[in-house]
Amino acid sequence: MAKSCNSAVLDAALQYLEDNVDRISVCEGEPTTYEHATSTKGVATGKKLAMSTTPTFTGPGAGDGGGSSRKTTVDQEATITVDASGDADHVALCKSGTSTLLYVTTCTLQALTAANTVTIPAWDIEIGSPS
Amino acid sequence: MNESEKDELRQKEKARRMKEKLLRLPVNDVILEVQKGVIDINDVFKAIDEKLKEKKNG
């Protein structure tokens with residue numbers, strides 16, 4: 001039996017990110033709460049090394065996986081000031097109004113130094129076809 | 001609010017954020033290598049279900 005999903009369903013989920021994400025942060029360790037993702041490392045349970053309040057998206061559009069897969073691109077976030085030194089290995093997307101952690105991905109471990117800047121290149125979030 | 005009005009608002013907000021991004025200056029800038037996020041369809045249905053519950057609960 002075949003499974004299918006209209007692209008409008010997947011686009012709604014991706015559009016939810018664009019409509020709600022207003023924080024993008026670089027973290028040391030996996031953030032599992034809003035507090036982890038938005039509080040600076042060294043403050044309470046914070047894991048955030050750097051954060052921007054200007055995330056933007058391009059999409060949704062056809063995914064790379066073929067079929068009915070869909071994706072949205074999180075645009076490059078250049079030269080964010082580093083608030084605390086540490087080893088960046090996660091990137092998180094949050095909604096500040098409801099203090100919600102919405103999405104977390106990984107990045108290749110990279111040492112950051114406070115007061116310098118960090119750039120998050122454009123990256124994709126893709127929802128695959130049903131299987 | 002209809003879809004075209006929503007789109008217009010989105011475009012305005014994106015333009016505002018893009019403008020703000022341009023004002024930043026690099027200092028010993030480090031460029032991260034971010035892994036693409038792939039979501040399984042089952043996760044999406046769970047998220048939609050949670051959103052519907054959120055709306056029902058006001």
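Nothing here was measured: the structure is a model prediction, and the numbers come from that model.

Conventions and cut-offs
- Residue numbers here run from 1 along each chain, matching the order of that chain's written sequence.
- Here the convention is simple: chains get letters from A, ligands get numbers from 1, in the order in which they are written.
- In keeping with the model being predicted, local features are shown solely for residues with a pLDDT of at least 70 and side-chain atom pairs are shown and tallied solely at 80 or more, while totals for entire chains, interfaces and linings include all residues.
- Predictor confidence is given residue by residue as pLDDT, running from a minimum of 0 to a maximum of 100.
- Each helix is a run of DSSP H or I of at least 4 residues and each strand a run of E of at least 2, with the numbering of both proceeding from the N terminus.
- Contact between two residues is assigned whenever their backbone-derived C-beta positions fall within 7 Å.
- For two strands to be treated as a pair, DSSP must find no fewer than two bridges joining them.
- By convention the nonpolar core is taken to be a set of buried residues drawn from Ala, Val, Leu, Ile, Met, Phe, Trp, Tyr and Cys and joined through C-beta atoms within 7 Å.
- Burial is judged by counting other C-beta atoms within 10 Å of a residue's own C-beta: 20 or more means buried, 12 or fewer means exposed, and anything between counts as partly exposed, with every C-beta placed from the backbone.
- Each axis is a line fitted through C-alpha atoms, and for a helix only the stretch in contact is used; angles between axes span 0 to 180 degrees, taken between their N-to-C directions.

Visitor: Whenever I open this one, the confidence of the model for chain B confuses me. Can you help?
Guide: When pLDDT drops low, the exact placement of atoms in the prediction is not to be read closely. Residues and elements named next belong to chain B. Here chain B averages 87 in pLDDT, and 93% of its residues register 70 or above. Ranking the elements of chain B by mean pLDDT puts helix α2 (residues 41-56) last, at 78, and strand β1 (residues 30-31) first, at 96. Two numbers describe this predicted complex: its pTM, 0.87, and its ipTM, 0.85.

Visitor: Just checking my understanding: could you explain the interface of chain A and chain B for this structure?
Guide: Accessible area lost on assembly of the parts is the figure often given for the size of an interface. Between chain A and chain B, the contact holds 32 residues from the first and 27 residues from the second. Looking at the side of chain A that touches chain B, the elements with two or more residues in it are α1 (7-20), β5 (77-81), β6 (86-95), β7 (100-112), β8 (117-120) and β9 (123-127) of chain A. Where β9(A) lies against strand β2 (residues 37-39) of chain B, 3 bridges are found, and the strand directions are parallel. Within β2(B), the residue paired with Ile125(A) across the bridge is Gly37(B).

Visitor: How should the sheet that holds β5(A) be read in this particular structure?
Guide: Strand pairing in a sheet relies on backbone hydrogen bonds. The paired strands run either parallel or antiparallel. Pairing in this open sheet of 3 strands is mixed, and the strands run β5(A)-β8(A)-β1(B) from one edge to the other. Both outer strands of the open sheet, β5 of chain A together with β1 of chain B, are each paired with one neighbouring strand and no more. Two strands pair when backbone bridges link them, and β5(A) and β8(A) are joined in this way by 3 bridges, in the antiparallel orientation. Directly across from Ile80(A), in β8(A), lies its bridge partner Val118(A).

Visitor: Help me understand the nonpolar core in this model?
Guide: Note on soluble globular proteins: their nonpolar side chains tend to be buried together. Residues and elements named next belong to chain A. Ranked by size, the top nonpolar core spans 20 residues in total, and within it Val26, Leu49, Ala50, Val118 and Ile120 carry the most contacts. If you tally residues by element for this core, the top one is β6, at 5 residues. Ala13, Phe57, Val74 and Ile125 belong to the second-largest nonpolar core, a separate cluster that totals 7 residues.

Visitor: Before we go on, may I ask you to explain the environment of Ala2(A) in this structure?
Guide: Residue and element names in this part refer to chain A. Inspection of the secondary structure puts Ala2 in the segment before α1. On the basis of neighbour count, Ala2 is assigned to the exposed category, with 4 C-beta atoms found within 10 Å. Considering only alpha carbons, one finds Ala2 and Pro130, 128 residues apart in sequence, at a separation of 8.9 Å.

Visitor: Is there a simple way to explain the pairing of strand β1 (residues 23-27) of chain A in this structure?
Guide: Looking along a regular strand, one sees the side chains alternate between the two faces of the sheet. Residues and elements named next belong to chain A. In terms of burial, β1 is largely enclosed, as 5 of its 5 residues are buried. Judged by which residues are buried, β1 turns out to be covered on both faces: Arg23, Ser25 and Cys27 on one side and Ile24 and Val26 on the other are all buried. Alignment of β1 against β6, held across 5 bridges, turns out to be antiparallel. Its bridge partner lying in β6, Val26 is registered against Val91. Relative to strand β2 (residues 48-52), β1 runs antiparallel, the two being bridged by 4 bridges. Bridged to Val26 within β2 is Ala50.

Visitor: Looking at this structure, I do not really get the sheet that holds β9(A). What am I missing?
Guide: Taken together, the 4 strands give an open sheet; going across it, the order is β3(A)-β4(A)-β9(A)-β2(B), and neighbouring strands pair in mixed fashion. Each having just a single partner strand, β3 (57-62) of chain A together with β2 of chain B make up the two edges of the open sheet. Neighbouring strand axes in the sheet, compared pairwise and without regard to direction, differ in orientation by 15° on average. In the sheet, β3(A) pairs with strand β4 (residues 70-74) of chain A via 4 bridges, with the strands oriented antiparallel. Looking at the pairing, Thr58(A) lines up with Thr73(A) of β4(A). Of the strands in this sheet, β3, β4 and β9 of chain A touch α1(A), which is tilted by about 15° from β4(A).

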